[in-house]
Amino acid sequence: MDADLQSVAAARRCADTAFSAYQKFLGTDPSQVDAIVDAMARAIEPQAKRLGAMAVEETGYGNVADKRIKNLFNALSVADWLRDVTTLGLLWSDESTKVAAFGEPMGVVAALIPVTNPTSTIIYKVLSAVKAGNAIVCAPHPRGVKCGIETVNIMAAAAEQLGAPKGLIQCLDQVTQQGTAELMSHRRTSVVMATGGPAMVKAAYSSGKPTLAVGAGNVPCYVHSSKSAELAEVAEQIVTSKCFDYGTACVSEQAVIADKEIARELRHELKLHGGYFCTPAEADRLADVIFAGKQAMNSDFVGQSPQRLAEAAGFSIPPRTRILISEETQIGWQRPLSAEKLNPVLAFYEARDTEHGIGLSHEIAKFEGWGHSSVVHSNDPEVVASFASVPTGRVLVNTPAIIGGMGYSTDLEPSFMLGTGTWSGSITSDNVTALHLINIKRVAYECRPWRDIYEQYGEHA
């Protein structure tokens, strides 16, 4: 049978099975739902490294050590946060207004999974969907099917042992664009959670179903002169965040903007922490490797080590290099390295003063990164307040972008799906959680005489 037909058939079968399981799951006591979520998280914990290794082997992206951390963050931090959140039943009530709110599941979640994070995203989405009382069908990238199925199987088995109906948690085993499109638009699908490239996100919004999707992240990182005594720590944060899993996370820093007074010292510290500053010719060759054309990253070089990138670009780097850095002065496709780069490559700009630095941050965020995230390193609250005007859904202060953005080093909601707001066509700018996967029903008693409307607004009032 044709691969597309097989994928479409699989999508229909999974959606129908998920809907039947969802109907059986309806009405499950919230304490039982919590027990199922905890069991799934515990089942993932000892498998985190193995699943990370499977992901690297199958996709060719990232590294095992960091993928293990991503898996554990979602299995532990996300699960810990969900434990204290109420999603089903009575959410709140107000005696004075006589209004109460109740959480109810949405139904079947179609979860699109990116090739860059094929296991960790599944862990996060499955825990969130089930916590909200939903069924979920994961549609992995074709290059992440094996590790995706293994992750789902571990979680589904743990859930079913605690009484979850079979079919509540599924993964497509035959994936094509047509099959994924069928899953999204299927009559049994209630909501789409889309994480991936621009084409995937566009397809999700065109599915005709309510959609939670995210946009690209061209994250500016402004380092203000007030951090002059802490540049070693700032450099370590930037390098660690940018090289994490070889830059596969869209929330990692993409461009550093440093005040002129500290730029030289920051360059020195970045070098000490594993940054290699490319020559202009090396940077141009690197751009030719990373991008296959305007607005098109070369998928063969996403999530690759700096050593492999440098080798492909034809230049040598020190053996302990963690990230590659290109000095830039312009922003736009005439300088491709000023755009989002899903690998350990960073742009570097020197700002004349605070106003110029914040202005450059605005330009970078608006160039291929509207609504995502931005970072400022500053000890001056007024500078932070001014920087917060950058058009991003998250403004992270004095913390690594990836660790802060996903809600570990900050008190943002732990999440592996960061909304980008209407800046980039997303329905939300939040860190997406289980609370985005419930319908909220209001029960409202009469609190004032209904006939009074005629006295107040009637023709002779």
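Just above, that's the structure.
Read on for a plain summary of the structure.

Criteria and thresholds
Residues numbered from 1 in each chain as written. Predicted model: local features only at pLDDT ≥ 70, side-chain atom pairs only at ≥ 80, totals over all residues. Heavy atoms only, no water. Salt bridge = Lys/Arg side-chain N within 4 Å of Asp/Glu carboxyl O. Helix = DSSP H or I, 4+ residues; strand = E, 2+ residues; numbered from the N terminus. Buried < 20%, exposed > 50% of the residue type's maximum accessible area, 1.4 Å probe, protein only. Expected span 1.5 Å × (residues − 1). Contact = heavy atoms within 4.5 Å. Pairing = 2+ DSSP bridges. Axes fitted to C-alpha atoms, helices over the stretch in contact; angles between N-to-C directions.

## With respect to the pattern of salt bridges
Across all of its chains, the model carries 13 salt bridges by this definition. In this structure, Arg267 engages Glu350 in a salt bridge whose closest nitrogen and oxygen atoms are separated by 2.8 Å. Linking Arg267 in helix H10 (residues 260–272) with Glu350 in strand S14 (residues 345–351), this pair joins segments that are 83 residues apart in sequence. According to the relative accessible area criterion, Glu350 is partly exposed, its value standing at 34%.

## Notes on helix H2 (residues 30–44)
Structurally, the α-helix is built with 3.6 residues per turn, so residues lying three or four positions apart point the same way. For H2, built from 15 residues, the straight-helix expectation of 21 Å at 1.5 Å per residue is met to within 8% by its first-to-last C-alpha distance of 21 Å. On the buried face of H2, the contacting elements are helix H1 (3–25), helix H3 (48–59), helix H4 (64–83), helix H5 (120–131), helix H6 (145–161) and strand S5 (169–171).

## Topic: the environment of His356
Within the fold, His356 resides in helix H13 (residues 354–366). C-alpha separation for the pair His356 and Phe244, spaced 112 residues apart in sequence, amounts to 29 Å.

## Structural notes on the sheet that holds strand S13 (residues 323–327)
Pairing in this open sheet of seven strands is parallel, and the strands run S10-S13-S14-S9-S8-S15-S16 from one edge to the other. Because the sheet does not close on itself, it has two edges, and the strands there are strand S10 (275–277) and strand S16 (392–397). Ignoring which end each strand starts from, the neighbouring axes of this sheet average 25 degrees apart. For strand S15 (residues 371–377) and S16, the ladder comprises five bridges, and the chain directions are parallel. What sits directly across from Gly371, in S16, is Thr392.

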